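What the coordinates show
If you want the building blocks of each chain, they are given just below.
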Amino acid sequence: MRLLHTSDWHLGQTLHNYDRTYEHQCFLDWLLDTIVSEEADALLIAGDIFDNANPSSAAQRQLYSFLQRAKARTPYLQIVVIAGNHDSPGRLEAPGPLLEAHGTTVIGNVVRGRDGVIDLERLLVPLRDRDGTIKAWCLGIPFLRPGDVPRVEVEGDAYLNGIAALYRQAFELARSRREAGQAILAMGHCHMVDGQSSQDSERRIVIGGTEALPASMFDPEIAYAALGHLHLAQRVGKKEHLRYCGSPLPLSFAEVGYQHQVLRIDLEGAIAREVTPIHVPRAVEMLRVPAKPAPLAEVLAALESLELDPDLPPACHPYLEVRVLLDGPEPGLRAQVEAAIADKPVRLAKIEPTRKTVGGEAAEALTLDQLAQLQPDDIFKRLWQQRYGEDAPDDQLSAFSELMMPGDREDA
């Protein structure tokens with residue numbers, strides 16, 4: 001049996017206010033072609049399908065259009081979707097009965113019966129081959145909140161222990177159902193111990209002080225764990241069968257040089273015989289100019305020398321991050337950058353100013369009580385000092401104070 005593992009689509013996401021519908025559609029079209037060419041039997045989507053809990057109608061249409069086209073081109077394909085921390089469990093599950101009729105199982109949350117016992121049955125999905133024979137059992141565990149997990153009367157973190165207990169209970173149910181030669185898979189949307197995050201693009205999952213989950217929560221008999229949340233593809237605990245596939249699109253400029261992927265898993269009986277990355281083509285390029293922060297004159301020269309295809313349609317214009325090394329305030333910075341790229345097919349997404357290193361020790365972090373006592377002008381002074389390494393000039397402080405003054409209320 002052949003599976004494809006993907007996650008963290010973040011449909012509806014914008015990059016510095018630029019719409020990314022075109023890029024997401026390119027990925028979904030590619031994924032559909034890949035499902036067909038790889039002759040996949042099942043697609044596992046490990047959470048964060050949408051970028052927020054209230055996705056636009058366009059983002060929802062993209063998802064449901066993809067599911068409909070996948071069913072039309074590959075009638076035998078099974079799709080298992082779990083909710084991530086960005087998703088609304090209820091919204092994701094709402095069309096579940098309709099989707100199940102077309103081979104898609106959506107698991108948004110953990111449900112309890114009237115007796116308070118977790119319904120493990122709805123977390124267990126049988127995966128069948130094209131003849132309808134069960135080849136594997138999938139534990140579809142969505143992003144878990146403290147109220148979702150069973151209470152465990154043991155020492156240690158109650159949330160972490162509860163998650164491990166839920167996986168253990170679901171695994172035991174799967175083991176009681178499986179027959180010889182059938183694999184058990186797990187899905188999850190969580191942060192595992194030693195997981196490598198992608199800078200600037202991930203929302204940390206920290207609940208009750210728990211930073212990350214140990215790989216030991218997966219039973220050794222689990223053939224493969226398809227994980228979501230971290231945007232960089234990686235193994236968990238250096239184990240080949242515990243994997244994050246990463247996001248299919250770069251979600252910040254920190255991922256400029258990273259090759260995004262989905263994972264192909266080939267099952268042989270009860271084990272995952274091979275895990276193979278399939279690289280996702282990038283529909284829109286991301287440029288960092290220059291590669292490292294440089295003085296403004298060098299930056300402007302680099303921008304003016306950019307050579308880009310003038311025939312690129314607007315939806316394909318590269319995103320641009322400009323990295324400038326400053327030794328003081330530069331009020332006309334944006335205007336100068338915009339003038340340098342005025343005639344170029346590129347989208348200015350971000351200007352990243354960096355101040356030259358100034359001697360002295362870094363300021364100590366503030367406590368929550370200290371933060372609560374800060375006034376707006378205190379914050380302004382601290383940010384100016386942090387960025388430029390000197391005290392804010394009097395004229396800037398005066399201008400800031402004027403901005404903070406209540407406006408006229410004649411029309412109230």
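Because the structure is a prediction, the values reported are computed rather than measured.

Comments concerning the sheet that holds strand 5 (residues 78-82)
Spatial ordering of the open sheet is given by 6-5-4-1-13-14, a layout of six strands whose pairing is mixed. Since the sheet does not close on itself, it has two edges, and those belong to strand 6 (104-107) and strand 14 (271-279), each with one partner. Across this sheet, the average inter-strand angle for adjacent strands is 20°, counted without regard to direction. Looking at chain direction, strand 13 (residues 261-268) and strand 14 are connected through eight bridges and run antiparallel.

Some remarks on the nonpolar core
In this structure, Leu3, Leu127, Leu139, Met192, Met217 and Phe218 are the most contacted members of the largest nonpolar core, which totals 58 residues. For this core, the element with the most residues is helix 5 (residues 158-177), which contributes nine residues. Residues Phe27, Leu77, Ile79 and Val262 belong to the second largest nonpolar core, which totals 30 residues.

A closer look at the environment of Pro142
Assignment of secondary structure puts Pro142 in the loop between strand 8 (134-140) and helix 5. In this structure Pro142 comes out as buried when scored by relative accessible area, which is 2%. Each residue touching Pro142, except ones within four places of it in the same chain, is listed here: Ile82, Ala83, Ile107, Gly108, Asn109 and Leu123.

Looking at the confidence of the model for the protein chain
Looking at the protein chain, the pLDDT average stands at 88 and 90% of residues meet or exceed 70. Throughout residues 359-363 the model reports pLDDT below 50, and contacts reaching past four residues in sequence, or to other chains, amount to one contact. A low-confidence stretch, residues 408-412 stays under pLDDT 50, and its non-local contacts, those more than four residues away or across chains, total zero contacts.

Side note on the sheet that holds strand 16 (residues 319-326)
Spatial strand order, 15-16-17: three strands in an open sheet with parallel pairing. One side of each edge strand has no neighbouring strand; the edge strands of this open sheet are strand 15 (286-295) and strand 17 (347-355). Strand-to-strand twist in this sheet, taken as the mean axis angle between neighbours without regard to direction, amounts to 15°. In the sheet, strand 15 pairs with strand 16 via six bridges, with the strands oriented parallel. Paired with Met286 across the two strands is Tyr319, which belongs to strand 16.

Things to note about the environment of Leu185
Checked against the element boundaries, Leu185 lands in strand 9 (residues 183-189). C-alpha of Leu185 to C-alpha of Cys138: the two residues are 47 residues apart in sequence and 4.6 Å apart in space. Aside from chain neighbours lying at most four places away, what touches Leu185 is Leu3, Leu127, Ala136, Trp137, Cys138, Leu139, Ile222, Ala223, Tyr224 and Leu267.

Overview of helix 5
In this model helix 5 runs 29 Å from its N-terminal to its C-terminal C-alpha over 20 residues, within 8% of the 28 Å that 1.5 Å per residue would give. Tyr159, Asn161, Gly162, Ile163, Ala164, Ala165, Leu166, Tyr167, Ala170, Phe171, Leu173 and Ala174 are the residues of helix 5 that are buried. Among the structural elements, strand 7 (124-128), strand 8 and strand 9 are those in contact with the buried residues of helix 5.

Thoughts on the packing of aromatic side chains
Under the definition given, this model contains six aromatic pairs. Relative to Tyr319, the ring of Tyr18 lies with its centre 5.9 Å away and its plane at 50°, an arrangement referred to as tilted. Pair noted here: Tyr18 is in strand 3 (residues 18-19) and Tyr319 is in strand 16, with a separation of 301 residues, a long-range link. Given a relative accessible area of 26%, Tyr18 falls into the partly exposed group. Through pairs of rings, three or more aromatic residues link up here, namely Trp9, Phe27, Trp30 and Phe66. A cation sits over an aromatic face here: Arg130 above Tyr76, 3.8 Å from the ring centre. One Lys or Arg, Arg347, reaches over the ring of Tyr18 and ends 5.6 Å from the middle of that ring.

A word on the pattern of salt bridges
Pairs can form between side chains of opposite charge once their charged atoms are near each other. Taken as a whole and assessed by the stated rule, the structure comprises 22 salt bridges. Here Glu121 makes a salt bridge to Arg177, at a shortest N to O gap of 2.3 Å. Taken together, the residues Glu121 in the loop between strand 6 and strand 7 and Arg177 in helix 5 connect sequence positions 56 residues apart. In this structure, Glu221 engages Arg178 in a salt bridge whose closest nitrogen and oxygen atoms are separated by 2.4 Å. Taken together, the residues Glu221 in the loop between strand 9 and strand 10 (224-228) and Arg178 in the loop between helix 5 and strand 9 connect sequence positions 43 residues apart. Exposure remark for Glu221: the relative accessible area of 33% places this residue in the partly exposed category. Connected through shared salt-bridge partners, Arg288, Glu321, Arg323, Lys350 and Glu352 make up one network.

Rules used throughout
Residues numbered from 1 in each chain as written. Predicted model: local features only at pLDDT ≥ 70, side-chain atom pairs only at ≥ 80, totals over all residues. Heavy atoms only, no water. Pairing = 2+ DSSP bridges. Helix = DSSP H or I, 4+ residues; strand = E, 2+ residues; numbered from the N terminus. Axes fitted to C-alpha atoms, helices over the stretch in contact; angles between N-to-C directions. Core = buried A, V, L, I, M, F, W, Y, C linked by side-chain atoms within 4.5 Å. Buried < 20%, exposed > 50% of the residue type's maximum accessible area, 1.4 Å probe, protein only. Contact = heavy atoms within 4.5 Å. pLDDT = per-residue confidence, 0-100. Expected span 1.5 Å × (residues − 1). Phe/Tyr/Trp six-rings, centres within 6.5 Å; stacked < 30°, edge-to-face > 60°. Lys NZ or Arg CZ within 6 Å of the ring centre and 35° of its normal. Salt bridge = Lys/Arg side-chain N within 4 Å of Asp/Glu carboxyl O.

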